[in-house]
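Each chain, letter by letter, is given below.
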Amino acid sequence: MTIWFSLCGVALVIAYLLGSFPTGYIAGKVLQGIDIREVGSGSTGATNVLRTLGKGPGAVVLVVDCLKGVLAIAFVYWLFSFAPTQNLLPSTVNIQLWQSWMITLVGLLAILGHSKSIFLGFCGGKSVATSLGILLAMNWQVGLATAAVFAVFIAISRIVSLSSIAGAIAVPILMLTLHQPLPYILFGIAGGIYVILRHRANIQRLLTGIEPKIGQKLATEKTTDS
């Protein structure tokens, strides 16, 4: 069991480090020699990269940030397929239950890493793309349904932040509707609240009617929503 707990600890560290990988920051430095945290909204996420660097870099950052979440959860699946072959767990342990809780913890740490990156002085993005990757790996139906909610709102409003918030609200509802295990439901609630809190400045701009749509620049200088 000692080895098993050590491996679980490694999985948590890996999840945080994967989430912390500063995709948007690297894109800004490599492509234009800028610190993406000092332009636009100050976020290192795909939306700010899109506004600052263009569609191509924005798309690449979106995909890579999504993959960070997928890889974090994939490591847990591998770990739980590896453990029984090495007799690392007693036969009385409910592996499926343990796995769902580990996936939840790993997912939350990957989200935290993206928004509080150890490589960027504990700042980062809003964890939307990484959350989507986690959901797709956790349960593809929930992931696709969340993406569909986002797509509907983006088609209607053309506002990324509003669409992201709608997706965050939809996740726990989808988890319940699709009868997901309790740990996943708790992930949907905790992760959704966290993503919404990361959009505080966006919510303020939405309420005042100045939140930019796709293709528009922010009307103000860098805000605190990094």
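In case you missed it, the structure is sitting above this.
Quick look at the structure, then. Keep in mind the model is a prediction, meaning the values are calculated, not measured. (Residues numbered from 1 in each chain as written. Predicted model: local features only at pLDDT ≥ 70, side-chain atom pairs only at ≥ 80, totals over all residues. Heavy atoms only, no water.)

**Examining the environment of Val195**
Okay, so step 1: For Val195, the location among the structural elements is in helix 9 (residues 182-198).
Okay, so step 2: Between the alpha carbons of Val195 and Ser127 there is a distance of 6.5 Å; along the sequence they are 68 residues apart.
Okay, so step 3: Residues contacting Val195, with those up to four places away along its chain left out, are Lys126, Ser127, Val128, Ser131 and Ala168. (Helix = DSSP H or I, 4+ residues; strand = E, 2+ residues; numbered from the N terminus. Contact = heavy atoms within 4.5 Å.)

**Structural notes on the packing of aromatic side chains**
Okay, so step 1: Per the stated rule, a full pass over the model turns up three aromatic pairs.
Okay, so step 2: Seen from their ring centres, Phe75 and Trp78 are 5.6 Å apart, and the 35° between their planes marks the pair as tilted. Placement of the pair is Phe75 and Trp78 together in helix 4 (residues 55-82), with a separation of three residues, close to one helical turn.
Okay, so step 3: Relative accessible area serves as the criterion here: at 23%, Phe75 is assigned to the partly exposed category.
Okay, so step 4: Of the residues examined, Trp78 reaches a relative accessible area of 45% and is grouped as partly exposed.
Okay, so step 5: The interplanar angle of 15° and the centroid separation of 5.0 Å between the aromatic rings of Trp78 and Phe82 together place this pair among those described as stacked. Here the residue Trp78 and the residue Phe82 both occupy positions in helix 4, the gap between them amounting to four residues, near one helical turn.
Okay, so step 6: You can call Phe82 partly exposed: its relative accessible area is 28%. (Phe/Tyr/Trp six-rings, centres within 6.5 Å; stacked < 30°, edge-to-face > 60°. Buried < 20%, exposed > 50% of the residue type's maximum accessible area, 1.4 Å probe, protein only.)

**Quick word on the pattern of salt bridges**
Okay, so step 1: Scanning the model with the defined rule gives three salt bridges in all.
Okay, so step 2: Two residues, Asp35 and Arg37, come together in a salt bridge whose shortest N-O distance is 2.8 Å.
Okay, so step 3: Residue classification places Arg37 among the partly exposed positions, given a relative accessible area of 21%.
Okay, so step 4: The partner of Lys68 in a salt bridge is Asp65, and the shortest N-O contact between them spans 3.3 Å. In this pair, Lys68 and Asp65 are both assigned in helix 4, three residues apart and thus about one turn of the helix distant. In terms of burial, Lys68 and Asp65 fall into one category: buried. (Salt bridge = Lys/Arg side-chain N within 4 Å of Asp/Glu carboxyl O.)

**Some remarks on the packing of helix 8 (residues 160-177) against helix 9**
Okay, so step 1: The N-to-C vectors of helix 8 and helix 9 enclose an angle of 170°; their axes lie 8 Å apart at closest approach. Compared by their axis directions, helix 8 and helix 9 come out roughly antiparallel. For the pair helix 8 and helix 9, the contacting residues are Ile165, Ala168, Ile169, Val171, Pro172, Met175 and Leu176 in the first and Tyr184, Ile185, Gly188, Ile189, Gly192, Val195 and Ile196 in the second.
Okay, so step 2: Residues belonging to the contact of helix 8 with helix 9 are distributed by class as follows: twelve nonpolar, two polar and no charged. (Axes fitted to C-alpha atoms, helices over the stretch in contact; angles between N-to-C directions. Parallel < 35°, antiparallel > 145°, perpendicular 65-115°, else oblique. Nonpolar A, V, L, I, M, F, W, Y, C, P; charged D, E, K, R; others polar.)

**Some points on the side chain of Ser20**
Okay, so step 1: Inspection of the secondary structure puts Ser20 in helix 1 (residues 2-20).
Okay, so step 2: Here the side chain of Ser20 touches Gly113 through a polar contact of 3.4 Å, landing on its backbone oxygen.
Okay, so step 3: Here the side chain of Ser20 touches Ile118 through a polar contact of 3.5 Å, landing on its backbone nitrogen.
Okay, so step 4: Excluding its chain neighbours within four sequence positions, the residues that come into contact with Ser20 are Gly113, His114, Lys116, Ser117, Ile118 and Phe119. (Polar contact = N/O pair within 3.5 Å; in protein donor to acceptor, adjacent residues only side chain to side chain.)

None of the figures reported here should be taken as evidence of function without further support.
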